[in-house]
Structures are given as structure tokens and as C-alpha cells.
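Topology and contacts: notes
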Amino acid sequence: QMNSLLTCPFQWFINDYIGLRMPPATNVPTGSQMYGTLAHKVVEKLLKARKDWLPEEAERRAGELFDELLPQMAAELLLDGQGATRNRIRNTLCQAVKKLFEEIHSKNLTVIDTERECTSTLNGQEFIGAIDILLKDPSGKYVVIDMKWSSATYLQKDLKENNALQLAIYTWLLDPTDFNVDCKYFLFPSKQFLESDAPNWQDLWQHAVETLDIRLGQMSTGYLERGFAEEKELNEKPLRDHLPFSKSATCKFCHFSTLCGREGDNA
């Protein structure tokens, strides 16, 4: 929600404030979203059962959980003609789970919890974040692994430009004084970890808070800015409109292009 509010107040207002929703039939997950939801549930069930899986054990059990959850979470993979895709997704998931636990064992990390809900407040507003996997390293430092079923391109860009707001929020929730938390993404399709070489979570969080204050001030005067879908569009904003935290909006995942006028712009 915070990312939406900072990058496109219009989208946040329509979707999260007044709660305008598309019919459920239009929001049935498919493709990468469906695979990601299923993969998250498999890892969650693994770690709820045990936290000390050996990589090969976790790989085997992940396949069993995939088969168990398939009818309720990814039934389209059971349709005629989907056998090859189903086997590919299953193999990818199992190999990724093995890689995940190899990393945990090689770094001597201790799993604390999965889907751990963390809360805090900022200016009287409650913030809630659910951490995919929360761990600690041998020194006692928190480690966060956020799992994605996606390509590395936009995540690498966010990390390089210090724009990975989701990870910055986790560090603030866990260590609001020093922001001393190791945060990384784990990508199921490529079975790889992504992390910043020199993260500055505190600086990113401060920029986000400054932008949040600006956005709330704009809305209090009745002004709702629509987001900028492309980097070129974002970079061409007048200097007076540049914000401390600035990145393109998630227009491709937004259902309100007709309302904001983007549909007419072919954007």
C-alpha cells in the first residue's frame, strides 16, 4: 500500500482507501502470480512443519506438497495439454526449494518463522508487514528472505538504485534504530538470491517517509496525482514535482486506467 501511495496516489485512493474492487472472477490468479502463490504456500507449509530440513528432504517434500495443493491453488495445470507445463513448474519449484535450504545451511542461518507479521506505527498510522522467511545469522543479526516468482530485471534495478522499498520497510520494522538487517530476494524461476552490494535502508526509508508526508499533504488539499508508468515519463516530470522517493508506478497491474485516463493515452 505504501508503494502504491507514493508512486500513484490515485491508484491507492481508489483501491485501498475507498476500496473499489474488480469482480472476483477478474482476479483469479494465473501464470506467474498463480505459481508464486503456490510456491509461497509450499515453503510456508514446509517451515511450519519443520525448520531444520536438509536440502534433499525439503526438495522431496516440496514435490509432495505441490501435488497436494495443485487442485485448490493451480487447477488449470491439471487440464488436458498442461502436463509439460505442470512438470516444468513442479521441477522448478522443487529445485528452487533445494537451493533455498542449501543457502540456509551454508550460511548457518536459523529459521525464526515464516509469514511473520511485524507491526509498528508512524505518525499514529499502523504499519503491518508479513515477512516471507525471517532468520538469524550466527551473530544474532536478522536476515529477511522475500520470495518472488519473477525475473530479476526490475528487482536488480530497484536494488541498484536503492529503491527496494519493501525491503527497507522490513528493516525499519525489525530494527528501527540501526536498520541493521540483511535483506534479500529469492527468485524461484532462476533459483537465485538477489541483494544489494551496499544497501542504505535507512536513507531509503527516510526518503519514503518524506514523500509520504508530501503525498498526504497533497491529498488533504484535494489533489490526487496519477502515477507515471514509464521511466522516460517519470524522468521528464518538472523538477518542482520531483520527490525524495521516486519510481515508476505499477500501471500494468492496475485496473483503473479508464478512470485515470491512461486507457485513452494508450499508456
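What you see is a predicted model; the values in this text were computed from it and never measured.

Each helix and strand in the protein chain was counted, giving 11 helices and five strands. Scaling as 2.2 N^0.38, a compact globule of 267 residues should have a C-alpha radius of gyration of about 18 Å, and the protein chain matches this with 20 Å. In the protein chain, which comprises 267 residues, the share counted as buried stands at 43%. Here the analysis covers contacts within the protein chain between residues at least 6 apart in sequence; of these, 67% occur between residues at least 24 apart. Accessible area for the protein chain stands at about 14200 Å²; split by element, carbon and sulfur atoms hold 48% of it. Between the mean site of the 30 positive side-chain charges and the mean site of the 38 negative ones, the protein chain shows a separation of 3 Å.

Both strand E1 (residues 110-122) and strand E2 (residues 125-136) contribute to a ladder of 11 bridges, which runs antiparallel. Its bridge partner being in E2, Thr110 is matched across the sheet by Lys136. Between the antiparallel neighbours E1 and E2 lie two residues, among them Asn123 with a positive phi of about 50°.

With that settled, the discussion passes to helix H4 (residues 55-73). The largest bend along H4 reaches roughly 30° and is located at Asp67, with the proline Pro71 sitting one to four residues downstream. For H4, every residue scored as buried is listed here: Pro55, Ala58, Ala62, Gly63, Leu65, Phe66, Leu69 and Leu70. Tucked inside the fold, the buried residues of H4 contact helix H3 (31-49) and helix H5 (83-106).

A full pass over the atoms with the stated rule returns one cavity of 30 Å³ or more. Estimated volume of the largest cavity: approximately 60 Å³. Taken together, Leu6, Thr7, Arg215, Phe228, Leu234, Lys237, Leu243, Phe245, Ser246 and Lys247 make up the full set of residues lining the largest cavity. Looking at the lining of the largest cavity residue by residue, the class counts come to five nonpolar, two polar and three charged.

To continue, consider unusual backbone geometry. Residue Asn108 is not a glycine yet carries a positive backbone phi of 55°. Inspection of the secondary structure puts Asn108 in the loop between H5 and E1. By relative accessible area, Asn108 is classed as exposed at 54%. One non-glycine residue with positive phi stands out, namely Lys191, at about 55°. With respect to the secondary-structure elements, Lys191 resides in the loop between strand E4 (182-187) and strand E5 (192-194).

A contiguous nonpolar surface patch, about 430 Å² in accessible area, is contributed by Tyr17, Ile18, Leu20 and Leu259. Relative to the assigned elements, Leu20 resides in the loop between helix H2 (9-17) and H3. Among the residues examined, Leu20 registers a relative accessible area of 38% and is labelled partly exposed.

The subject of this paragraph is the packing of aromatic side chains. How two aromatic rings sit relative to each other is set out by the distance from centre to centre and by the angle between their planes. Within this structure, the stated rule accounts for nine aromatic pairs. Seen from their ring centres, Phe127 and Trp205 are 6.0 Å apart, and the 80° between their planes marks the pair as edge-to-face. A residue pair is termed long-range when its members are at least 10 positions apart, and Phe127 in strand E2 and Trp205 in helix H8 (residues 201-220) qualify at 78 residues. By relative accessible area, Trp205 is classed as buried at 5%. When the centroid spacing of 4.3 Å and the interplanar angle of 20° are considered together, the rings of Trp172 and Trp205 count as stacked.

The next thing to look at is the sheet that holds E5. The sheet built from five strands is open, its strands ordered E1-E2-E3-E4-E5 with mixed pairing. Of all strands in the sheet, those bounded by a partner on one side alone are E1 and E5. Between one strand axis and the next, the sheet turns by 40° as a mean value, whatever way the strands run.

For Lys148, the location among the structural elements is in strand E3 (residues 142-148). Engagement of the side chain of Lys148 in a polar contact is seen with the side chain of Asp146, the distance being 3.1 Å. Sequence-distant contacts of Lys148, that is, excluding residues within four places in its chain, are made with His40, Leu155, Gln166, Tyr185, Phe186, Leu187, Phe188 and Pro189.

Direction vectors running N to C along H4 and H5 enclose 145°, while the axes themselves pass 8 Å from each other. As H4 runs across H5, the sense of the crossing is right-handed. Across the interface between the two elements, Pro55, Glu56, Ala58, Glu59, Ala62, Gly63, Glu64, Phe66, Asp67 and Leu70 from H4 touch Arg86, Ile89, Arg90, Leu93, Cys94, Gln95, Val97, Lys98, Phe101, Glu102 and His105 from H5. Its residues placed into classes, the contact of H4 with H5 shows 10 nonpolar, three polar and eight charged.

Thresholds applied
Residues numbered from 1 in each chain as written. Predicted model: local features only at pLDDT ≥ 70, side-chain atom pairs only at ≥ 80, totals over all residues. Heavy atoms only, no water. Helix = DSSP H or I, 4+ residues; strand = E, 2+ residues; numbered from the N terminus. Rg over C-alpha atoms; globule rule 2.2 N^0.38 Å. Buried < 20%, exposed > 50% of the residue type's maximum accessible area, 1.4 Å probe, protein only. Contact = heavy atoms within 4.5 Å. Areas by Shrake-Rupley, 256 points an atom, 1.4 Å probe, with all protein chains shown as cover. Lys, Arg positive; Asp, Glu negative; His and termini not counted. Charge placed at Lys NZ, Arg CZ, Asp CG, Glu CD. Pairing = 2+ DSSP bridges. Bend = angle between axes of the 7 residues up to and from the residue. 1 Å grid on protein atoms, 1.4 Å probe; cavity = no way out; pocket = protein on both sides within 12 Å on 5 of 7 lines; lining within 4 Å. Points joined across faces, edges and corners; volume = space filled by probe spheres on them. Nonpolar A, V, L, I, M, F, W, Y, C, P; charged D, E, K, R; others polar. Patch = residues over 30% accessible without salt bridge, like charges linked within 9 Å, V, L, I, M, F, W, Y side chains within 5 Å. Salt bridge = Lys/Arg side-chain N within 4 Å of Asp/Glu carboxyl O. Phe/Tyr/Trp six-rings, centres within 6.5 Å; stacked < 30°, edge-to-face > 60°. Axes fitted to C-alpha atoms, helices over the stretch in contact; angles between N-to-C directions. Polar contact = N/O pair within 3.5 Å; in protein donor to acceptor, adjacent residues only side chain to side chain. Left-handed = near helix turned anticlockwise from the far one by under 90°.

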